[in-house]
Amino acid sequence: MRLLRPSCPARGFSQASGMSSEPSASQQSSASPPSPGSLHLPENRRARDRSPSPMRGYLIPSPLPTRRTRTFSATVRASEGPIYKGVCKCFCRSKGHGFITPADGGADIFVHISDIEGEYVPVAGDEVTYKMCTIPPKNEKLQAVEVVITHLAPGTKHETWSGHVVSS
């Protein structure tokens, strides 16, 4: 006696069994969920208003470490550390971050817009002082915190955070 079994649950029974490979109507309705339009609320209940949620729109939180997302202990360690000097390599106000080239050489240091002190937006060539903090989760890379522009790059236009343009 030969046993018949399905070759694939989604396709139905195999051709060898002599039965159709297309699923029946009862198999289709149980596999697919009902559409939201086909569900009805009881008459005494109304649809609940949903609060706006960033996850509802599938927005992913920014991976950039900011002053707000940094832990208190990391902030304390950074503020107790030494002050370093460097030059702003680049900074993009619309992206909210840039890089600083250390005066003593080495790899560029990441800087976030929330860690810049003072009234000017940094531009390439500005001399800055900063302290350093590690970037989680692995704490392998470094980030500049408490960044202060000490000398504006000569011959460049600088913008204040409020939008005023100043020539230096």
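Definitions and cut-offs
- Residues numbered from 1 in each chain as written.
- Predicted model: local features only at pLDDT ≥ 70, side-chain atom pairs only at ≥ 80, totals over all residues.
- Heavy atoms only, no water.
- Pairing = 2+ DSSP bridges.
- Helix = DSSP H or I, 4+ residues; strand = E, 2+ residues; numbered from the N terminus.
- Core = buried A, V, L, I, M, F, W, Y, C linked by side-chain atoms within 4.5 Å.
- Buried < 20%, exposed > 50% of the residue type's maximum accessible area, 1.4 Å probe, protein only.
- Contact = heavy atoms within 4.5 Å.

### Examining the pairing of strand β3 (residues 84-92)
Regular strands show a simple pattern: their side chains alternate between the two faces of the sheet. For β3 and strand β7 (residues 127-135), the ladder comprises four bridges, and the chain directions are antiparallel. Bridging across to β7, Val87 finds its partner in Glu127. Two elements, β3 and strand β4 (residues 97-102), share six bridges in a ladder whose sense is antiparallel. Each bridged residue has a counterpart across the sheet, and for Cys90 the counterpart in β4 is Phe99. Between β3 and β4, which follow one another and run antiparallel, lie four residues, and Gly96 among them has a positive phi close to 90°.

### Some words on the nonpolar core
Counting residues in each nonpolar core, the largest one holds 12 residues, listed as Cys88, Phe91, Ile100, Ile109, Val111, Ile116, Val121, Val128, Tyr130, Ala144, Val147 and Ile149. At the level of secondary structure, the elements contributing two or more residues to this core comprise β3, β5 (109-112), β7 and β8 (141-151). Top contributing element to this core by residue count: β8, with three residues. Setting aside chain neighbours within four positions, we find Val128 in contact with Tyr84, Lys85, Gly86, Val87, Ile100, Val147, Val148, Ile149 and Thr150.

### Quick look at the environment of Lys95
Locating Lys95 in the fold gives a position in the loop between β3 and β4. Residues Lys95 and His112, 17 residues apart in the sequence, show an inter-C-alpha distance of 9.3 Å.

### With respect to the environment of Gly118
Along the chain, Gly118 falls in the loop between β6 (116-117) and β7. C-alpha of Gly118 to C-alpha of Thr160: the two residues are 42 residues apart in sequence and 9.0 Å apart in space.

### A short note on the side chain of Lys131
Along the chain, Lys131 falls in strand β7. By relative accessible area, Lys131 is classed as buried at 12%. Leave out the neighbours within four places in its chain, and Lys131 touches Ala78, Ser79, Gly81, Pro82, Ile83, Tyr84, Gln143, Ala144, Val145 and Glu146.

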